[in-house]
Every structure is written in structure tokens, then in C-alpha cells.
Amino acid sequence: MFTNNDKLAVNAIRALSIAQIEKANSGHPGLPMGAAPMAYVLYNKILKANPKNASYFDRDRFILSAGHGSSMLYSLIHLSGYNLPIEELKNFRQSGSLTPGHPEYGHTEGVEVTTGPLGQGIAQAVGMAVAEKHMAALYNKDDMKVIDHYTYALCGDGDLMEGVSYESMSLAGHLNLNKLIVLYDSNDICLDGDLSTSFSENVEARVKAQNWNYIKVDDGNDLDKIYEAITSAKENENGPTLIEVKTVIGYGSANQGTNKVHGAPIGKDDFTAAKKVYGWDYEDFEIPEEVYETFKEGVAKAGKEANDKWDETLKSYQEKYPEDYKELMAGINRELPENFIEEVKKYDSSMKDIATRASGGEIIQDLAKITRNFWGGSADLFSSNKTNIKDTKAFRDESPCGRNIWYGVREFAMAAIGNGIMAHGGSFHHVSTFFVFSDYLKAAVRLSALSGLPLTYVMTHDSIAVGEDGPTHEPIEQLAMLRAIPNTVVLRPADANETRLAWKVALESKDKPVVIALTRQNVPNLKETEGITDISKGAYVVKDSENPDLVLIATGSEVSLALDTAKALEEDGKAIKVVSMPSMELFRAQDEEYKNQVINKKVKKVSIEMGTTFGWTEWTGTCGLNIGIDRFGISGKGDEVQEELGFTVEKIKKQINDKFFK
């Protein structure tokens, strides 16, 4: 099946990848030199993608989980005809180029996700396969398939050592994601030396135990065997497939098969020698026309044909199933009906106190009625997070229309899979767990932010009011940690009304993740929030004073505490203004006039929040008072823990008087 032109194209990938690294004097040549054959077969002979329309929705997705091999991905993207000129390859790893050291979603055409640290690429591939399966079940008809594609990933030994790969692959097997195929670049080398120093498990036995299919290709240069393996994997109807391809890292180098070729340029002389091994007689970055023609006749031609066919199918789908089409396209474009929030339950102070996790659960039910594209999951905490959508089944192999993913106790994988769902596109997805467990999934939140993926994180049990579970489960530093991540919005709503509006912010986000931190304990529905229709400015006045002696700034459940404290101080003749600041990030983005209008920069200020005081001086200044918790919590009843750690009107009033009103 494969010709000399195919072999020439494989060596073009190798030579072009090495040339990028040599010019930059930086990069990882080992993977491209060894894995180029499998990457070529997949990309040019199997992958359904249109280089002239990179966002064509029913394309196959390819994720380079071993993202350090980015020069190979850029070579493939360029040769296939995407908008990545060879001049950009010459600027590999340089500031401002389209070819950064690791692939970045939204930065380089043809890059499906930002894989970042090893392991998360596999998890995001799982998310993409989950999204494909779910959307296909929602929108495909017996006579018309509008969602029908595969997800492929290429990983290395390091990916499989990372815990997130275990978590995500376990769930993928459980969910029978048969349209997920992972190519394993198995070369027995890790960065520091032989793989045997740190990894000796039986990968075949491992993946079979996780309900995966396993195929092995003994020779990573055998294009026919690689092709047979992938086509065989596509025929599997039960379980995802891992194809272990035995390769030689740095194939063609004098140091092939060693860690010396993993993460450093091989040098001019060795590059010259490798070219001879490949039979490559061209200058650096010189690509013969027949290589471009090979890709034009491969992925480019097949991709255009598939894209054109899909366009025709979609047109027929629109005519025959107009309502489904409208909803499908709204999901793809991340659009909700205008004023959708008006369809969501409103709260007032006459209603009984309710935990924001509980009101959040009620709000989710209303949101679920607005569009089928709204769905989510929890890391074995649906009963505690209250994030399950009622009147629907769990997302399972037998019920792929189900809108609740039971992620199991897999917090990190849940978030990374959620990123894959969002990068796939087509739906509004949320993930949920206890706030303190954000420590486990922080790396995935960072990739959400770096990638500009609007995944919603619902984090309940947001403070020391968790109580009896004790300091291991009582968040202290987590708010500051998540607020420190660029391009991330953290919302800590004061009551049910703010929770409702927090969801509005989350679902209207186009390019950043939103974290909604909710209480375990009941909180009052504040009279002061009843007329609020928007919290997208991050902070607003809940109790005004014309000439305040002091401004109290609070978040979450502490807003009601701040209002009660203000009342107690006013009984002593003080004029107090109270500000609710559900989001520091959104408030920081406002103009100076609005900021000064809300927090009166020349007036002394007090922050009240049941977490670390780190970061609050931005708003209170060096002369302000920050009431928080700069120690770990304690185990006990929630109200007793709050009292012991200083969160009562009396204790806060005393701190304020001691600081400002002696």
C-alpha cells in the first residue's frame, strides 16, 4: 500500500522536525525521529480533517499528549496544508511565533488542545470522545449522522506514568468509548535514562484490566502494520484501544535508543549523519514538491471530500430537523436564548435560609430545561454538590444521552476530561467536587485558563463551616490559589440570588473558566440582593452610607455577617458601608471610577472572608484590616468552629474597634 513517496514524506517529517530544533537550539528530537511513521500514517492516511477548514466540526481530533514532541506536530500541520507557513517553523520556540515549545490551543491552527504537563492530553482525548458520544446520541437520526468522528492521541511512557492517565483511562474503559484510539510511542527511554529505572508494569495487562483493547506493532517503521493496527482499532465496538508501537527514540542518530536524544538538539554533525540514514538529500527546511503532493492527495483531499459531504448532510438535517439543527448550532456557537436567566428561579428574603449548594442545585434544574446542551458531572459527590440534573439518566454506554457524568473519585481526570469536552465544543459542561479538593485538580484549571476554555467548576463546602470533617476538608488557601490563576474567574456568591447570577456569568463566558464556590451551611436570602440583576462587575454596594467611617468588604456567606456587623457598629454611632465582592477578578477589570464608587479608596476598609487573608491588601490597603484565617481549621460543629476562629459579630466588631475606634 505504501510507496516510496510515503517513505519520503515520513523522512520529511523527521528532517523538518530536527531542523526546527537545531535552528532554535532547543527542543525534543527523540520523539519526532522515532514516532514519525505512526504520525504520518494516522495524519495522512486515516485522519478525517480538512486543512483548509480547521474548525470543520465533524473532523477527527488528534491530540499529541506527549506535547514536548511539538516540532513533529508542526511539521504535520504545515505539510498537510494548514495555515502554518514554513517561516513559522523556522521560528520554532521563538517569542511571538506560531510554533511555541509545547502546542497551544487557539494559538496554532490545527492544534486541538493545550496538552501541557504529561498525562493531561490523554484525559482531554477522553473528554473529546465523551463529547462525541454524547452529541451523537442527542442529535444523530436513523437516516442522518451529523456527529460521527474518532478521537486519536499519541502518548509516551511519561504520559502513562502520570496518575491522571490511570484515572481517565479507567473511566474511558468503563464508558466504552470505542471511538477513542491511543497510539503509544513505546521506546523504553525516559528523560533521565532507561525506562526500567522507574517503570516496569505490563501495559497490555493494565489497559485490558481497564476494559481497553490492546494491539501491538513490533516495528515502529512498518507503515503497513501501523495502518492495519489503526484500521483494526476503528472496527472495535467494545472499549477504546491502545496501540503500542515499539519505536527507537532518536531513530537515525548516533545516540538513538538513549536518553541523550530526548530533550536536547542532536547537533549539526549528527543531523547530517541522520539524513544519510534517512536518504534525505535536501537542505534544512527544503521540502521536495512530491512530499507536498503526497499530503494533498492524502489528508487534504480526503478531508475536503468529508467536509463537503458533511456540509450537504447538515443542510439536509436543517431542512428535515430544524429544531434539532437550531439547538445543535447554538451549542457549537455557545449561545443561549436572550435573557435566558429570566427562566431561572428567583429568590427573596421571605424564603427560608438555604445553602448556596442547594440553591445552586435548584438553579441547575431550570438551566437544564433551557437547552439539552447543558450537562455536567461530579467526582462521586452528586449528593453533596447538588449538581445532578434530575429526570435524566447517567451518561453511560447504554444511555449516552444521559446528562450526568459519574466521574467517580477522579478529581484531576474529571477536570481534564472536562477540558476535552469544552475543546471539542458543542455544549455547556460543568464539573463539581468539594472546594478543598481543588488542590487535586488545580493543574487542569490552569490548562482551562491557558487554553481559554469556559469550563464551569462548581466547588461546594467552601469554608471552615464544613465543620466536623476537620482541617483536611476545610478550605483555607484555595480561594487565593485559584484567584492567582490568570484568565480565571472565581465567584463566591453571598446567597441564592448571587448564585443564580454566578451561573449567568459562567454560561456567558466565552474564553475563561469560571469557578463557583458554594456553601455547605444554610445562609439567608438577603433583602439587599433582591433587586440585583447582574454581578459581572465583580463587586457592588449592598448597604450604602453617604459618608462612611468604614467600608466592610465580604464574600460568600460572610456578606450576611458583614451586614450584621455593620448594624452593630451603627448602634455605636458609626457610619458603615457594606460591599459584596463575589469576584475579585471581575472587579479588578472595572474602571477606576467604578472601583472608587464601590469601595471608596480614601475610606478605611475591612475585609471579612473565612479563608487566608493573602491578597486582600489589594482592596483594603496597608492601613486596612483583613479578617480571615491564616492557619488550618479545626474539627467540630460548623457554627462552633466559626466562633472559635473569630467569625461572629462580637469578635469581628471587637477587632474593628481595636483597630480603628479606640
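Calculation criteria
- Residues numbered from 1 in each chain as written.
- Predicted model: local features only at pLDDT ≥ 70, side-chain atom pairs only at ≥ 80, totals over all residues.
- Heavy atoms only, no water.
- Helix = DSSP H or I, 4+ residues; strand = E, 2+ residues; numbered from the N terminus.
- Rg over C-alpha atoms; globule rule 2.2 N^0.38 Å.
- Buried < 20%, exposed > 50% of the residue type's maximum accessible area, 1.4 Å probe, protein only.
- Contact = heavy atoms within 4.5 Å.
- Areas by Shrake-Rupley, 256 points an atom, 1.4 Å probe, with all protein chains shown as cover.
- Lys, Arg positive; Asp, Glu negative; His and termini not counted.
- Charge placed at Lys NZ, Arg CZ, Asp CG, Glu CD.
- Core = buried A, V, L, I, M, F, W, Y, C linked by side-chain atoms within 4.5 Å.
- Domains from an automatic or database assignment.
- Salt bridge = Lys/Arg side-chain N within 4 Å of Asp/Glu carboxyl O.
- Expected span 1.5 Å × (residues − 1).
- UniProt positions renumbered as here; feature names shortened; annotations may be inferred.
- Patch = residues over 30% accessible without salt bridge, like charges linked within 9 Å, V, L, I, M, F, W, Y side chains within 5 Å.
- Pairing = 2+ DSSP bridges.
- Axes fitted to C-alpha atoms, helices over the stretch in contact; angles between N-to-C directions.
- Buried area = accessible area lost by both parts, 1.4 Å probe.
- Polar contact = N/O pair within 3.5 Å; in protein donor to acceptor, adjacent residues only side chain to side chain.

Student: Just to check I follow, could you spell out the overall build of the protein chain for this structure?
Tutor: A tally of helices and strands in the protein chain yields 24 helices and 20 strands. The C-alpha radius of gyration of the protein chain comes to 27 Å, within 12% of the 26 Å expected for a compact globule of 662 residues. Taking the principal axes of its C-alpha atoms as reference, the protein chain extends roughly 90 × 60 × 45 Å. Across the 662 residues in the protein chain, those meeting the buried criterion constitute 63%. Look at the contacts in the protein chain between residues 6 or more apart in sequence, and 78% of them connect residues 24 or more apart. Counting every atom, the protein chain has about 25600 Å² of accessible surface; 46% of that belongs to carbon and sulfur. A gap of 3 Å separates the mean positions of the 72 positive and 96 negative side-chain charges of the protein chain.

Student: Any chance you could explain the nonpolar core here in plain terms?
Tutor: One recurring pattern in soluble globular proteins is that nonpolar side chains are buried together. Formed by 72 residues in total, the largest nonpolar core has its most connected members in Phe-374, Trp-503, Leu-552, Met-581, Val-606, Phe-647 and Ile-656. Formed jointly, this core draws a minimum of three residues from each of two domains, domain 2 (340–529) and domain 3 (540–661). With near-sequence residues (within four places) excluded, Met-581 lies in contact with Gly-538, Ala-539, Ile-553, Ala-554, Thr-555, Phe-587, Ile-599, Trp-616 and Trp-619. Within the second largest apolar cluster, 68 residues are counted, among which are Phe-2, Ala-24, Leu-79 and Ile-243.

Student: Could you clarify how one ought to interpret the pattern of salt bridges in this entry?
Tutor: Opposite charge on two side chains permits them to pair, given that their charged atoms come into close proximity. The full count for this structure, using the stated rule, is 37 salt bridges. One salt bridge connects Lys-543 with Glu-570, and the closest N-O pair in it is separated by 2.4 Å. Of this pair, Lys-543 sits in strand 16 (residues 540–543) while Glu-570 sits in helix 19 (residues 558–570), placing them 27 residues apart in sequence. The exposure class of Glu-570 is partly exposed, given its relative accessible area of 30%. Overlapping salt bridges, with partners in common, bring together Lys-141, Asp-324, Glu-327 and Arg-372 in one network.

Student: For this particular structure, what's the right way to read helix 13 (residues 356–370)?
Tutor: At 3.6 residues per turn, the α-helix brings residues three or four places apart onto the same side. Its 15 residues give helix 13 an end-to-end C-alpha distance of 21 Å, which sits within 8% of 21 Å, the value for a rise of 1.5 Å per residue. Along helix 13, eleven of the 15 residues are buried, which leaves the element largely enclosed by surrounding structure. Taken residue by residue, helix 13 has Thr-356, Arg-357, Ser-359, Gly-360, Gly-361, Ile-363, Ile-364, Gln-365, Asp-366, Leu-367 and Ala-368 as its buried positions.

Student: What am I meant to see in the UniProt feature "binding site: thiamine diphosphate" (unreviewed entry) in the protein chain here?
Tutor: Mapped onto the present numbering, the UniProt feature "binding site: thiamine diphosphate" (unreviewed entry) falls at His-68, Gly-116, Pro-117, Leu-118, Gly-158, Asn-187, His-262 and Phe-437. In terms of the greatest pairwise C-alpha distance, the residues named above, spread along 370 residues, do not form a single cluster, extending to 35.0 Å across. You can see Pro-117 is positioned in the loop between helix 4 (86–90) and helix 5 (120–139). Position of Leu-118 among the secondary structure elements: in the loop between helix 4 and helix 5. Each residue touching Leu-118, except ones within four places of it in the same chain, is listed here: Ser-65, Ala-66, His-68, Gly-158, Asp-159, Glu-162 and Val-164.

Student: Help me out: how do you make sense of a negative patch on the surface in this one?
Tutor: There is a patch of like negative charges on the surface, built from Asp-639, Glu-640, Glu-643, Glu-644 and Glu-650. Take the negative patch: its biggest share by element is four residues, from helix 23 (residues 638–644).

Student: Would you mind showing me how to read the sheet that holds strand 3 (residues 180–186) here?
Tutor: Note: strands within a sheet are paired through backbone hydrogen bonds, in either parallel or antiparallel orientation. Pairing is parallel in the open sheet, where five strands are placed in the order 1-2-3-7-6. Only two strands of the sheet have a single neighbouring strand rather than two, namely strand 1 (61–64) and strand 6 (213–217). Each neighbouring strand pair of the sheet contributes to a mean axis angle of 20°, computed without reference to strand direction. In the sheet, strand 6 pairs with strand 7 (residues 241–246) via five bridges, with the strands oriented parallel. The residue of strand 7 that forms the bridge with Asn-213 is Thr-241.

Student: Even after reading the chapter, I still don't get the domain arrangement of the protein chain, so can you show me in this structure?
Tutor: A common way to express how large an interface is: the accessible area buried when the components associate. Segmenting the protein chain into domains produces domain 1 (4–306), domain 2 (340–529) and domain 3 (540–661). Each of domain 1 and domain 2 has a C-alpha centre, and these two points are 33 Å apart. Taken together, the contact between domain 1 and domain 2 spans 32 residues of the former and 32 residues of the latter. For the pair domain 1 and domain 2, the summed buried area comes to about 2900 Å², and 66% of that belongs to carbon and sulfur atoms. At the boundary of domain 1 and domain 2, one finds one salt bridge. Note that Asp-397 is salt-bridged to Lys-133, the shortest N-O span being 2.6 Å. Residue assignment for the side of domain 1 that touches domain 2 shows that the elements contributing at least two residues are helix 5 and helix 7 (163–174). Sort the elements by how many residues they give to the side of domain 1 that touches domain 2 and helix 5 lands first, with 15 residues.

Student: Would you mind going over the side chain of Thr-108 with me for this structure?
Tutor: Along the chain, Thr-108 falls in the loop between helix 4 and helix 5. When its relative accessible area of 4% is taken as the criterion, Thr-108 is described as buried. Looking at Thr-108, its side chain comes within polar contact range of the main-chain oxygen of Leu-98, at 2.6 Å. Excluding residues within four positions of it along the chain, Thr-108 makes contact with Tyr-74, Leu-84, Leu-98 and Pro-100.

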